[in-house]
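The residues making up each chain are set out below.
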Amino acid sequence: MNIQPLSTPYPQAYAELHCVSNFSFLRGASRPEELVDTAVALGYSALAITDECSMAGVVRAYGRMKELASNASVAPGKIHDKVMEQPNFKLIVGSEFALDDGFRLVALVRNMASYSRLCQLITTARRGADKGSYQITRTIVQNAGIDDCVLLLVPPYLPVRRTELDHWFSWFKSLGTYTFLALELHYGSYDVKHRQWLTDASIRYQMAVVAAGDVHMHERKRRALQDIVTCIKHGCTLETAGRLLFQNGERYLRSKQILHTIYPTRTLHNACDVAALCHFDLSELDYQYPREVVPAELSPAQYLRQLTMEGARWRWPDGHSDDVQQQLDHELSLISDMHYESYFLTVYDIVSFARSQDILCQGRGSAANSAICYCLGITEVDPSRTRMLFERFISKERDEPPDIDVDFEHERREEVIQYIYAKYGRHRAALAATVITYRKRSAIRDLGKAIGFSEDQIDALSKSMAWWDGTHVIGERLEAMGFDPEDALIKRFSWLLQQLLGFPRHLSQHVGGFVISDRDLSTLVPVENAAMPDR
């Protein structure tokens, strides 16, 4: 794709197109929210969150963007001021993939169609490997139909043989219209040579070069934590990590002034022009409930009312009071206004299956405030005997689906899970993922190993910490174990521990929370294998 001539000699804006968060598990050293805040404060026009074969981090980034846009939870100061100055700051959805021979591919979403295609590519790569890893080849990429995405090829830092380059660049250019070469410079020994050969290659293959940062942290001082998570990921210590660690701390969000001294001006402008091609926003996602739960001749509202009235006759064979009927009418009206009928019908279908198989189950939590849930057999709280507040369960003000928790007997829960897979198909139903984050004991163990503490020291320190202990007691525990609290290494350990707490470590599967869609689920979110068989 051709890039327009320079409009100004100095880059008044910059768009970072290659940035991983700490949701590229044990790679990035900054939270998505920190990356968004810093990019806004630096006056960037856009930031792409491109976690490795994942879209996990962009959700938090999007949430932060919504806060900034509404000025909610933002204290007065430089971030707030920059938001007011730059209301058109753009968050770009993307992902990064490690290819063969040191090449990497960055895919950026342009529209809804390219978002779905990228989700499907991530799903294909993840489903072809064990949980937590992925497998991708040029053939998989070529068959993914991601030609409507913006694609950046990040070549290895050192020059590759001309014959290999011909093969790679010809393949890459064939992927679609929006193909660009990414120039990433971090004050390395061969920056000048790298820039020169990539520039020459761009002319030879007629592809524009864009500046990108391969960002792993929002500020330079996260370098120490970046080294630690790298050691944890590779199972080594700081002493033995060697070339696994970055040579310096330059993979952070740098100011436009600094970038101007490093990159050719043309490449900085190109980055902004490429960002302008991306128009997708996560608010465009449109979830549709499955249709199987509603008979063809009825609407969801009609069917829910029919089942509710049948359930009322079952619950109160001698008839129910006017107060109960008024409560049922009120709930049905609010559910209709919020278009949640299919959600209730989906839960009803699952509970009905369980009861048909004599699998013990019962709804709990705020769902007990619903007379409809009682009539559908989901809960066992009789509304005629209690004072119910349905708005605890659903309210227009919250504008979010209700939470119906149903407990199934542990020994037979797998039957229910497999029923859902069988009914909707594995392409439309998946267990929700949960993010396992660092707590004190797990953080102490992984951090201690990376720094080089002995197993005995790590074991004693982790066991000395209770979940309610604040991080301020770390020094006391270390001193009680014979460490010098003023020692530089101990101070560093305490500081890094505070940084690591709350960081995501890996994905796990929810015990029973499902996502069920009316169409292929991988067009909405990436899907990967669980560790357990048949999930």
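These numbers were taken from a predicted model, which means no experiment stands behind them. (Residues numbered from 1 in each chain as written. Predicted model: local features only at pLDDT ≥ 70, side-chain atom pairs only at ≥ 80, totals over all residues. Heavy atoms only, no water.)

Turning next to the overall build of the protein. In terms of helices and strands, the protein carries 19 helices and eleven strands. If you line up the protein on its principal axes, its C-alpha atoms span 85 × 65 × 50 Å. When each of the 535 residues of the protein is scored for burial, the buried share is 52%. Taking the intrachain contacts of the protein between residues at least 6 apart in sequence as the baseline, contacts between residues at least 24 apart amount to 79%. Total accessible area on the protein is roughly 25,300 Å²; 50% of this is exposed by carbon and sulfur atoms. (Helix = DSSP H or I, 4+ residues; strand = E, 2+ residues; numbered from the N terminus. Buried < 20%, exposed > 50% of the residue type's maximum accessible area, 1.4 Å probe, protein only. Contact = heavy atoms within 4.5 Å. Areas by Shrake-Rupley, 256 points an atom, 1.4 Å probe, with all protein chains shown as cover.)

Below, the discussion takes up the nonpolar core. Within soluble globular proteins, side chains that are nonpolar generally end up buried alongside one another. Ranked by internal contacts, the top residues of the largest apolar core, which has 85 residues, are Leu-17, Phe-97, Leu-108 and Phe-169. Here this core gets six residues from one element, more than from any other, and that element is helix H4 (residues 112–127). Apart from residues no more than four positions distant in its own chain, Leu-108 is found in contact with Leu-17, Ala-48, Thr-50, Ile-92, Val-93, Gly-94, Cys-149, Val-150, Leu-152, Val-274 and Cys-278. Among the nonpolar cores identified, the runner-up in size contains 49 residues, and Val-324, Tyr-340, Ile-372 and Leu-431 belong to it. (Core = buried A, V, L, I, M, F, W, Y, C linked by side-chain atoms within 4.5 Å.)

Tallying each qualifying case throughout the model produces 28 salt bridges. Taking the shortest distance from any N to any O, the salt bridge between Glu-219 and Lys-221 comes out at 4.0 Å. With a relative accessible area of 27%, Glu-219 lands in the partly exposed category. What makes Lys-221 exposed here is its relative accessible area of 58%. Notably, a salt bridge pairs Glu-380 with Arg-355, separated by 3.8 Å at the nearest N-O pair. One end of the pair, Glu-380, is in the loop between helix H14 (371–375) and strand S9 (405–408); the other, Arg-355, is in helix H13 (residues 341–356), and 25 residues separate them in sequence. Through salt bridges that share partners, Arg-27, Glu-52, Glu-96, Arg-104, Glu-184, Asp-214 and Arg-251 make up one connected network. (Salt bridge = Lys/Arg side-chain N within 4 Å of Asp/Glu carboxyl O.)

Another aspect to go through is the layout of surface pockets. Considering only enclosed or pocket space, the second largest pocket measures out at about 1,200 Å³ in volume. Forming the boundary of the second largest pocket are 36 residues, of which Arg-104, Asp-214, Arg-243, Phe-246 and Arg-251 lie nearest the centre. Every element with two or more residues in the lining of the second largest pocket is listed here: strand S3 (90–98), helix H7 (191–205) and helix H8 (223–234). Counting residues per element, the lining of the second largest pocket draws most heavily on H8, at five residues. A per-class count over the lining of the second largest pocket returns 13 nonpolar, twelve polar and eleven charged. (1 Å grid on protein atoms, 1.4 Å probe; cavity = no way out; pocket = protein on both sides within 12 Å on 5 of 7 lines; lining within 4 Å. Points joined across faces, edges and corners; volume = space filled by probe spheres on them. Nonpolar A, V, L, I, M, F, W, Y, C, P; charged D, E, K, R; others polar.)

Under the criterion given, the structure shown has 15 aromatic pairs. Centroid distance Tyr-287 to Tyr-289: 5.0 Å. Interplanar angle 85°. Geometry classified as edge-to-face. The interplanar angle of 5° and the centroid separation of 4.0 Å between the aromatic rings of Phe-353 and Tyr-419 together place this pair among those described as stacked. Of this pair, Phe-353 sits in helix H13 while Tyr-419 sits in helix H15 (residues 413–424), and the two are 66 residues apart along the sequence. Of the two residues, Phe-353 and Tyr-419, both sit in the buried class. The structure contains a cluster of three or more aromatic residues connected by ring pairs, namely Tyr-287, Tyr-289, Tyr-343 and Phe-344. Against the face of Tyr-178 rests Arg-110, its NZ or CZ located 4.1 Å from the ring centre. The ring of Phe-246 carries the charged tip of Arg-251 above its face, separated from the ring centre by 4.1 Å. (Phe/Tyr/Trp six-rings, centres within 6.5 Å; stacked < 30°, edge-to-face > 60°. Lys NZ or Arg CZ within 6 Å of the ring centre and 35° of its normal.)

Right, let's talk about the sheet that holds strand S7 (residues 209–211) for a bit. Pairing is mixed across the open sheet formed by seven strands, whose spatial order is S1-S2-S3-S4-S5-S6-S7. The sheet terminates laterally at strand S1 (15–16) and S7, the two strands that pair on one side only. Its contacts with the sheet put H4 on S3 and strand S4 (104–108), and the angle it makes with S3 is roughly 30°. In the packing of H7 onto the sheet, contacts are made with strand S6 (179–183) and S7, and the angle to S6 comes to roughly 165°. (Pairing = 2+ DSSP bridges. Axes fitted to C-alpha atoms, helices over the stretch in contact; angles between N-to-C directions.)

The backbone of Leu-26 sits at a positive phi, close to 60°, despite the residue not being glycine. Mapped onto the elements, Leu-26 comes out in the loop between S1 and helix H1 (32–41). For Leu-26, a relative accessible area of 11% puts it in the buried group. One non-glycine residue with positive phi stands out, namely Asp-358, at about 55°. Here Asp-358 lies in the loop between H13 and strand S8 (361–364). Assessed through its relative accessible area of 63%, Asp-358 is described here as exposed.

This part is about the packing of helix H11 (residues 300–315) against helix H12 (residues 322–338). Their axes nearest at 11 Å, the elements H11 and H12 cross at an angle of 160°. One finds that H11 runs roughly antiparallel with respect to H12. Seen along the crossing, H11 lies across H12 with a hand that is right-handed. From H11, Leu-304, Arg-305, Thr-308, Met-309 and Ala-312 reach across to H12, where they touch Gln-325, Leu-328, Asp-329, Leu-332 and Ile-335. (Parallel < 35°, antiparallel > 145°, perpendicular 65-115°, else oblique. Left-handed = near helix turned anticlockwise from the far one by under 90°.)

Okay, the side chain of Asp-227 next. With respect to the helices and strands, the residue Asp-227 is situated in helix H8. In this view, Asp-227 contacts Leu-238 and Leu-245; residues no more than four positions away in its chain are not counted.

Tracing the sequence through the fold places Arg-251 in the loop between H8 and helix H9 (256–262). Taking relative accessible area as the criterion, Arg-251 reaches 15% and is therefore assigned buried. Apart from residues lying up to four places away in sequence, Arg-251 is in contact with His-186, Gly-213, Asp-214, Val-215, His-216, Met-217 and Phe-246.

Of all nine residues in S3, seven are buried, a share of seventy percent or more. Turn length for the S3-S4 hairpin, with the two strands adjacent in sequence and antiparallel, is five residues, and the turn residue Asp-101 shows positive phi of about 60°.

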